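A look at the structure
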Amino acid sequence: MDIDLNSLTLPELKALNSRVAKAIATFDDRRRKDAMTELEIVARSMGFSSLAEVVGMSAPKGRRAPAEIKYRNPETGETWSGRGRRPRWFDAALERGDDPATLKV
């Protein structure tokens, strides 16, 4: 493939540059996808239902649903799911003597 770069305009050169940069950035991903497709075909031809069955992998799991909100700060409306580090407003409420049940949603 031989392109006469001297005959292209600046917008054409920029567009070409953008396409080349994208092709370079996605090169490994495209090769990996092609390899996986070929390996899936070989696995099926050998009687397996998928490549994952051959290598002993389970199917990819979906994303976890976001945690439900369990506590709400009555003053500001901030929320906390009860997971992870306790927020400052929750600790402050406990120090004031508030019952966590009063902060439940």
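Quick note: structure is the one above.
Residues numbered from 1 in each chain as written. Predicted model: local features only at pLDDT ≥ 70, side-chain atom pairs only at ≥ 80, totals over all residues. Heavy atoms only, no water.

Topic: the environment of Ala 52
- Within the secondary structure, Ala 52 is located in helix 3 (residues 51-55).
- According to the relative accessible area criterion, Ala 52 is partly exposed, its value standing at 23%.
- For the pair Ala 52 and Glu 40, spaced twelve residues apart in sequence, the C-alpha to C-alpha distance is 8.7 Å. (Helix = DSSP H or I, 4+ residues; strand = E, 2+ residues; numbered from the N terminus. Buried < 20%, exposed > 50% of the residue type's maximum accessible area, 1.4 Å probe, protein only.)

Comments concerning a nonpolar patch on the surface
- On the surface, Val 42, Met 46, Phe 48, Val 54, Val 55 and Met 57 cluster together into a nonpolar patch covering about 580 Å² of accessible area.
- Within the secondary structure, Val 55 sits in helix 3. (Patch = residues over 30% accessible without salt bridge, like charges linked within 9 Å, V, L, I, M, F, W, Y side chains within 5 Å. Areas by Shrake-Rupley, 256 points an atom, 1.4 Å probe, with all protein chains shown as cover. Salt bridge = Lys/Arg side-chain N within 4 Å of Asp/Glu carboxyl O.)

Focus: the environment of Gly 56
- Assignment of secondary structure puts Gly 56 in the loop between helix 3 and strand 1 (71-72).
- Accessibility expressed as a relative area gives 67% for Gly 56, which makes it exposed.
- Along the chain, Gly 56 and Asp 99 lie 43 residues apart, while their C-alpha atoms are 49 Å from each other.

As for the nonpolar core
- Judged by nonpolar contacts, Tyr 71, Trp 80, Trp 89, Phe 90, Ala 93 and Leu 103 together constitute the single largest core of six residues.
- It is helix 4 (residues 88-95) that contributes the most residues to this core, three residues altogether.
- Every residue in contact with Trp 89, bar those within four places of it in the chain, is listed here: Tyr 71, Arg 72, Asn 73, Glu 78, Thr 79, Trp 80 and Leu 103. (Core = buried A, V, L, I, M, F, W, Y, C linked by side-chain atoms within 4.5 Å. Contact = heavy atoms within 4.5 Å.)

Some words on the side chain of Ser 81
- Mapped onto the elements, Ser 81 comes out in the loop between strand 2 (79-80) and helix 4.
- A relative accessible area of 17% means that Ser 81 is categorised as buried.
- Among the polar contacts listed, one links the side chain of Ser 81 to the backbone nitrogen of Arg 83, at a separation of 3.2 Å.
- Every residue in contact with Ser 81, bar those within four places of it in the chain, is listed here: Ala 67, Glu 68, Ile 69 and Lys 70. (Polar contact = N/O pair within 3.5 Å; in protein donor to acceptor, adjacent residues only side chain to side chain.)

Comments concerning the packing of aromatic side chains
- Enumeration according to the criterion identifies four aromatic pairs in this entry.
- Consider the rings of Tyr 71 and Phe 90, whose centres lie 4.9 Å apart with planes at 65°: the pair is edge-to-face. Taken together, the residues Tyr 71 in strand 1 and Phe 90 in helix 4 connect sequence positions 19 residues apart.
- Overall, Phe 90 belongs to the buried group, its relative accessible area being 5%.
- Consider the rings of Trp 89 and Phe 90, whose centres lie 5.9 Å apart with planes at 80°: the pair is edge-to-face. Each of the two residues, Trp 89 as well as Phe 90, counts as buried.
- Here a set of aromatic residues connected by ring pairs shows up, and it is made of Tyr 71, Trp 80, Trp 89 and Phe 90. (Phe/Tyr/Trp six-rings, centres within 6.5 Å; stacked < 30°, edge-to-face > 60°.)

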